Amino acid sequence: MGRWRDGTGTLLVVGGSGGADGGSGGGPMGAKEDPGGVAGGAGRAEGSAGRAKAIPLTIAASYRARARGLLGRDGLTGALLLTPASGVHTFRMRFAIDVAYLDRHLTVLDVHTLRPGRLGRPRLRSRHVLEAEAGALEHWGVRRGVRVVIAPGPSASPPPSVR
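Residues numbered from 1 in each chain as written. Predicted model: local features only at pLDDT ≥ 70, side-chain atom pairs only at ≥ 80, totals over all residues. Heavy atoms only, no water.

Identification of the protein chain as DUF192 domain-containing protein from Streptomyces rhizosphaericus is taken from an unreviewed UniProt entry.

Now the structure itself:
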């Protein structure tokens with residue numbers, strides 16, 4: 001089994017009724033959904049939010065990148081994926097964030113908003129944590145039970161199988 005690497009990618013919201021605009025149908029970038037939750041780049045995402053735009057994603061997979069996270073930043077464009085991770089904190093952060101806990105299939109287990117100086121409770125089945133500025137996840141349609149797809153960028157290689 002491979003491992004995630006630090007880099008960039010695109011986040012696509014799949015599954016669930018509706019999305020940011022409440023529609024359903026073709027995928028936002030024509031990304032193909034696969035069983036591991038990693039998009040290949042061609043095809044259509046079944047059940048994804050229709051007409052939703054692609055969300056820029058930063059992947060933090062190394063210990064150093066996960067430890068730094070959003071510390072020292074004044075804001076965030078898009079989202080940050082911490083992998084592997086089961087919990088987060090907002091100590092020494094400058095802004096409130098939305099936190100989505102994802103299982104190994106990239107299905108959202110729970111979503112919370114954390115103000116600076118808070119400790120998020122770890123989730124037992126969580127394998128990945130998705131962070132964004134407060135209010136962004138709700139706007140994108142990320143909520144409990146929804147599945148997300150990661151389309152990796154050129155510098156982030158996904159594992160061949162997420163199991």
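So that's the structure; there's more coming.
A. Geometry of the pattern of salt bridges. Under the counting rule described, the total for this entry stands at two salt bridges. The closest approach of N and O atoms between Arg123 and Asp110, which form a salt bridge, is 3.1 Å. Of this pair, Arg123 sits in the loop between strand E5 (108-114) and strand E6 (128-133) while Asp110 is found in strand E5, placing the two residues 13 residues apart along the sequence. Here Arg123 matches Asp110 in class, with each residue buried. The partner of Asp110 in a salt bridge is Arg144, with the nearest N and O atoms 3.2 Å apart. Of the two residues, Asp110 is situated in strand E5 and Arg144 in the loop between helix H2 (136-140) and strand E7 (147-152); the sequence distance between them amounts to 34 residues. The exposure class assigned to Asp110 is buried, which follows from its relative accessible area of 13%. On the accessibility criterion, Arg144 (58% relative accessible area) is exposed. Ionic contacts of the salt-bridge type, sharing partners, join the residues Asp110, Arg123 and Arg144 into one network. (Salt bridge = Lys/Arg side-chain N within 4 Å of Asp/Glu carboxyl O. Helix = DSSP H or I, 4+ residues; strand = E, 2+ residues; numbered from the N terminus. Buried < 20%, exposed > 50% of the residue type's maximum accessible area, 1.4 Å probe, protein only.)

B. Focus on unusual backbone geometry. Of the consecutive residues Thr83 and Pro84, the connecting peptide bond is found in the cis state with omega at -10°. Tracing the backbone through its elements, the reader meets Pro84 in the loop between strand E3 (79-82) and strand E4 (97-102). Its identity as a non-glycine residue notwithstanding, Arg92 has a phi of 65°, on the positive side. Take Arg92: it is sitting in the loop between E3 and E4.

C. Representation of the nonpolar core in the model. Judged by nonpolar contacts, the single largest core of 22 residues is most densely connected at Leu11, Leu57, Leu130, Trp140 and Ile150. Looking at this core, the elements with two or more residues in it are strand E1 (7-14), strand E2 (55-60), E3, E4, E6, H2 and E7. By size, the runner-up hydrophobic cluster in this structure holds 16 residues, among which are Leu71, Val88, Ile97 and Val99. (Core = buried A, V, L, I, M, F, W, Y, C linked by side-chain atoms within 4.5 Å.)

D. Region of the structure containing the pairing of E3. In E3, alternate side chains face the same way, and those of Ala79 and Leu81 on one face and Leu80 and Leu82 on the other are all buried. With four bridges joining them, E2 and E3 adopt parallel strand pairing. From the neighbouring strand, Leu57 faces E3, where its bridge partner is Ala79. Chirality of the crossover, the property in question, places the unit of E2, helix H1 (residues 63-68) and E3 among those that are right-handed. Relative to E6, E3 is paired through four bridges, and the arrangement is antiparallel. Within E6, the residue paired with Leu81 across the bridge is Leu130. (Pairing = 2+ DSSP bridges. Right-handed = clockwise from strand over helix to strand, strands pointing away.)

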